[in-house]
Amino acid sequence: MAIRTEQLLLNVGPQHPSTHGVFRIVVTIDGETIVNATPVMGYLHRGTEKLAEQLTYTQIIPYTDRMDYVSAMTNNYVLCHTVEKLMQLEVPERAEFLRLIVMELQRIASHLVWWGTYLLDIGAMSPFLYAFRDRERIIHLFNELCGARLTYFYMRIGGVKWDAPEGWLDRVRAFVPTMRAQMAQYDALVSGNEIFLARMKGIGTYDAQTAIAYGLSGANLRCTGVPYDVRTHHPYSLYDRFSFRVPIAHSGDCYARYCVRIAEIHESLNILEQALDVVPDGPIMGKVPRVVRPPEGEVTASIESPRGEIGCTIVSKGKDRPYRLKFRRPSFVNLQILPKLLIGESMTNLVTILGAIDIVVGEVDG
Amino acid sequence: MSMFVSAMTTAAVMMGITLGFVTYAIYAERKVLGWMQLRIGPNRVGPWGLLQTVADVLKLLLKEDIVPHKADRTMFLLAPIVAFVPSFTVIAALPFSEHLLLADITIGLLYVLAVSSISTLGIVLGGWASNNKYALLGGMRAAAQMISYEVPLLLSVVPVVMLAGSLRLGDIVQEQAGGFWHWYIVPQFFAFGVFLIASVAELNRTPFDLPEAESELVAGYHVEYSGFRFAFFMLAEYMYVFAMAAMTTVLFLGGWHAPHPALDVVPGVVWFVLKFVGVVFFLFWIRATLPRLRVDQLMGFAWTVLLPIALLDIVVTAIVQSIIR
Amino acid sequence: MKGIAKGLGVTMKHMFAPKVTSAYPDVPIDMPDRFRGVQYFEPDLCIVCNQCVRICPTDCITLTGKPNPDPLKKNKVIDTFNVNFEICILCDLCTEVCPTEAIVMTNNFELAAYSRDELYKDKEWLYANNTHIRSENSTNLSPAAKGGKDNGSER
Ligand code: SF4
Ligand code: SF4
């Protein structure tokens, strides 16, 4: 007589160490194999888009800080950039340079958070602390620049709030080689580690077609060999002035995503190095009317956030508040592939796959 | 009667020593992990944080003893004891120096390995009785893992027994006298490797900490335990760290013998403790470095890598021995 | 095996590296000057223009004015001024628009409390919060306030 077995319904989350916040996956498991997975989201929904309809454009910016709280600078930028596009505002060169520098620093900081927490998911504890030590350096730079450690609210429509303080650019310049040296350490600690490779290689694989069909972006797309990066395909800010590579990988598994992100840190360092040498002097705020009141119309802009393509659409009726505002939140879009990847995997791989997508629940839920 | 009293006293002393070890092993682990992670570790309770574990244990003792409503009450209460008691009985057979051993059993090695596998039952029981899905998964993983690794663990000590010609732990150590080139780690390096890996797996420590993998199973089999019942599981775990480190020292690192006969002036206990601490430190060190394996990889590793190595080692040892004779 | 050995080397090296933790709260953390902390409010400077209330994205400032007790002056003076730190996001907008720098940022950030009520700070509390005041604040200074007043003096 065969032993009677039963499938088990397991709620992973919303309070679970590896769901990176309040995110929940209802999985049906047979032994340790997942037969069905349903992501449940919305625990962190704050209705940013709806709130924005009652706020002036400047007031919306601090709300974007809180959407993808690991990468507030790029969120600031996408909103400011969209409004500027709608109003056809000129942003002074120095301000644009400062924006670019903070965005690239933010990309590094964000990837470091991902690196640390991902390895924590896989079970290695020290990388998390090493990554946060280095992220702390960036956060300190941001703190000196704009007075906050997480929710920066640094960019304003038409420019930035603060000019770089005395010696700040030099400190960023000094940071670049330090970070490069750290990256070598990280590689020695993790990238060659056999256990780690065994955990990631061939897990959560999909091909380019699937990735495009699901609308993935960022490292989740580039890991399949599609070299799509908004910074090079639809250059915004000053990215067309610098030379940098768009790192890609081909295997489309978790390890490919890991390699892409690590290479992106290196590229961001390259961009920083080039940018720091040519920061011009000048004003940091463009000619912006006291009350920001864009003309009637609809505009969409998108940029490359550390997590993928973040977009913003504004419908303006000529008031000082948007009639409708919509963010394309890359974490949310990238997450859609999760159930497909999970079916047939073991419980352990659930953590590996979810972590490799790199979600920030604040952004998933909006 | 006096026999009984003296036995009780020794047992009590031993208990004190092991509890002291557990207290400071936890402290040392946290310190070492802290240092390796650029932190300073516990430093608030007592000088240099030396009383941190004491405070933690006191806190655990004062906590409410929660038994989940849907749990299988008897089993749930029994499990920590089943896990803990064998871990403590194992200590009795360990020789710390020539004269410092409690029970000189002729089958000491067998006794240690046999008794220590009873604890698995406690863990599985705890995981099942909690009536929690995570705990159940943890318990199942523990059962699978500990049973698979028991096999290479046992097989890896066979060559040692063949060389020493005895199952008595004291004899095994005596055979390794006369300098570090006589230690069994030299001729039996592969057996040592297998033993070390299998013992880490038996201890459920990183990179084999799947039964309690906090990033997947929250806390695995002891997720529903609180207060002193949780402390019992903790205690059992560290007791086994003690036992396994001691076993590694006895079987492969020459027990209480000095690395060179010239150094024999230093008492054997000191050498024993030094080697023992080295092994324990190594456990902490890999915990700070390595990620966790996956279940299937873990099982595959035991059956396809460790087991053949261990078997091959036995065969080679047997052949070499018969040739030498 | 090689990768693992390398990794062990890295952790061992870090064991002897200088530690990066700070001894907070034993040693207070000094925030850079621009840090946006809990506001300092100077009632005498406030002209009850209500700009801070209007700009605040979370509506956490409530204020009321009263006629100047000095019968010769026609302006209003502040009567109550409350900031609800349950919802204040320390975004800097109120200090940015205040034309007289009546409300300015400080570098103090310790707000933890056991009760939500304690987070409701009134004018007296904000006035007493007079340490570590930030040196640059408003970008909207009225011409009258620009002359004479040296805001950095308390630092
Ligand atoms: S800092 Fe921002 S949220 Fe706080 S009171 Fe000022 S305007 Fe309002
Ligand atoms: S903006 Fe300044 S002056 Fe005006 S009401 Fe607020 S605190 Fe008073």
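Note: the structure precedes this text.
Every value quoted in this text rests on a predicted model; they were computed, and no experiment measured them. (Residues numbered from 1 in each chain as written. Chains lettered and ligands numbered in written order. Predicted model: local features only at pLDDT ≥ 70, side-chain atom pairs only at ≥ 80, totals over all residues. Heavy atoms only, no water.)

This brings us to the overall build of chain B. If you tally the helices and strands in chain B, you get twelve helices and zero strands. Secondary structure elements in chain B, listed N-terminal to C-terminal, are α-α-α-α-α-α-α-α-α-α-α-α. Computed over C-alpha atoms, the radius of gyration of chain B comes to 20 Å, within 12% of the 20 Å expected from 2.2 N^0.38 for 325 residues, which places it in the range of a compact globule. Taken across its 325 residues, chain B has 53% of its residues classed as buried. A separation of at least 24 residues holds for 77% of the contacts in chain B among residues at least 6 apart in sequence. Mean positive and mean negative side-chain charge positions of chain B (18 and 20 charges, respectively) differ by 9 Å. (Helix = DSSP H or I, 4+ residues; strand = E, 2+ residues; numbered from the N terminus. Rg over C-alpha atoms; globule rule 2.2 N^0.38 Å. Buried < 20%, exposed > 50% of the residue type's maximum accessible area, 1.4 Å probe, protein only. Contact = heavy atoms within 4.5 Å. Lys, Arg positive; Asp, Glu negative; His and termini not counted. Charge placed at Lys NZ, Arg CZ, Asp CG, Glu CD.)

Our next topic: the packing of helix H6 (residues 168-191) of chain A against helix H11 (residues 254-277) of chain A. Residue and element names in this part refer to chain A. Relative to each other, H6 and H11 sit at 160°, their axes nearing to 10 Å. Between H6 and H11, the angle is such that the two are roughly antiparallel. Like other packed secondary-structure pairs, H6 and H11 cross with a definite hand, here left-handed. Listed contacts from H11 to Leu-169, Val-172, Arg-173, Phe-175, Val-176, Met-179, Arg-180, Met-183, Asp-187, Val-190 and Ser-191 of H6 are Tyr-255, Tyr-258, Ile-262, Ile-265, His-266, Leu-269, Asn-270, Leu-272, Glu-273, Leu-276 and Asp-277. Here the residues of the contact of H6 with H11 are counted per class, giving 14 nonpolar, three polar and five charged. (Axes fitted to C-alpha atoms, helices over the stretch in contact; angles between N-to-C directions. Parallel < 35°, antiparallel > 145°, perpendicular 65-115°, else oblique. Left-handed = near helix turned anticlockwise from the far one by under 90°. Nonpolar A, V, L, I, M, F, W, Y, C, P; charged D, E, K, R; others polar.)

Below, the discussion takes up the sheet that holds strand S6 (residues 297-305) of chain A. All names here are of chain A. Judged by pairing direction, the sheet is antiparallel, and its three strands sit side by side in the order S6-S7-S8 without closing on themselves. The strands lining the two open edges of the sheet, one partner per strand, are S6 and strand S8 (324-328). Strand after strand, the sheet turns through a mean of 10° between neighbouring axes, direction not considered. Sheet topology note: the strand S7 (residues 308-316)/S8 ladder contains five bridges and is antiparallel. (Pairing = 2+ DSSP bridges.)

Note: interface size is frequently given as the accessible area lost on complex formation between the parts. Of the residues lining the interface, 34 residues belong to chain A; the matching set on chain B comes to 25 residues. Taking both sides of the interface into account, the surface hidden between chain A and chain B amounts to around 2,500 Å²; carbon and sulfur atoms contribute 59%. Per-residue buried area on chain A facing chain B is highest for Glu-32, Met-125 and Ile-195 of chain A; these three make up 20% of the total on that side. Summed over the shared surface of chain A and chain B, the result is ten residue pairs in polar contact (both at pLDDT 80 or more). At the level of elements, strand S1 (8-12), helix H4 (93-122), helix H5 (126-146), helix H7 (194-200) and helix H14 (347-357) of chain A are the ones that each hand at least two residues to the side of chain A that touches chain B. When residues in the side of chain A that touches chain B are grouped by element, the largest group, five residues, is from S1 of chain A. (Buried area = accessible area lost by both parts, 1.4 Å probe. Polar contact = N/O pair within 3.5 Å; in protein donor to acceptor, adjacent residues only side chain to side chain.)

The subject of this paragraph is the packing of aromatic side chains. What the rule picks out here adds up to 31 aromatic pairs over all chains. Judged by centre distance (5.5 Å) and plane angle (50°), the rings of Phe-195 of chain B and Phe-252 of chain B are tilted. In this pair, Phe-195 of chain B is assigned in helix H8 (residues 189-202) and Phe-252 of chain B in helix H10 (residues 227-252), connecting sequence segments 57 residues apart. The pair formed by Phe-195 of chain B and Phe-252 of chain B is uniform in burial state, with each residue classed as buried. Each residue in the set Trp-114, Tyr-118, Phe-196, Tyr-255 and Tyr-258 of chain A is aromatic and connected to the rest through ring pairs, giving one cluster. (Phe/Tyr/Trp six-rings, centres within 6.5 Å; stacked < 30°, edge-to-face > 60°.)

This brings us to the environment of Cys-80 of chain A. Residue and element names in this part refer to chain A. With respect to the element layout, Cys-80 can be found in helix H3 (residues 72-87). For Cys-80, a relative accessible area of 0% corresponds to the buried category. Residues Cys-80 and Asp-277 lie 197 residues apart in sequence; the distance between their C-alpha atoms is 25 Å. Setting aside anything within four residues of it in sequence, one finds Cys-80 in contact with Ile-61, Arg-99, Met-155, Arg-156 and Ile-157.

Residue and element names in this part refer to chain C. In spatial order, the strands read S2-S3-S5; together these three strands make up an open sheet with antiparallel pairing. Of all strands in the sheet, those bounded by a partner on one side alone are strand S2 (61-67) and strand S5 (120-121). Pairing analysis gives seven bridges linking S2 to strand S3 (residues 76-84), with the strands arranged antiparallel. Paired with Pro-67 across the strands is Lys-76, a residue of S3.

Now for the site of ligand 2. The environment of ligand 2 is formed by 13 residues, the closest being Cys-46, Cys-49, Asn-50, Cys-52 and Cys-98 of chain C. The residue inventory of the shell around ligand 2, partitioned by class, reads eleven nonpolar, two polar and no charged. (Near = heavy atom within 4 Å.)

By the secondary structure assignment, Ile-4 of chain C is in helix H1 (residues 2-15). Ignoring anything within four residues of it in the chain, the contact list for Ile-4 of chain C reads Asn-193, Glu-194 and Ile-195 of chain A together with Leu-290 of chain B.

Now for the interface of chain C and chain B. Across the contact, 13 residues belong to chain C and 13 residues belong to chain B. Contact between chain C and chain B buries roughly 1,200 Å² in total, counting both sides, with carbon and sulfur atoms accounting for 77%. The largest contributions to the chain C side of the interface with chain B come from Leu-8, Met-15 and Lys-19 of chain C, which together make up 42% of the buried area. Here chain C is connected to chain B by one salt bridge. A salt bridge links Asp-26 of chain C to Arg-44 of chain B; the nearest nitrogen and oxygen atoms lie 3.0 Å apart. (Salt bridge = Lys/Arg side-chain N within 4 Å of Asp/Glu carboxyl O.)

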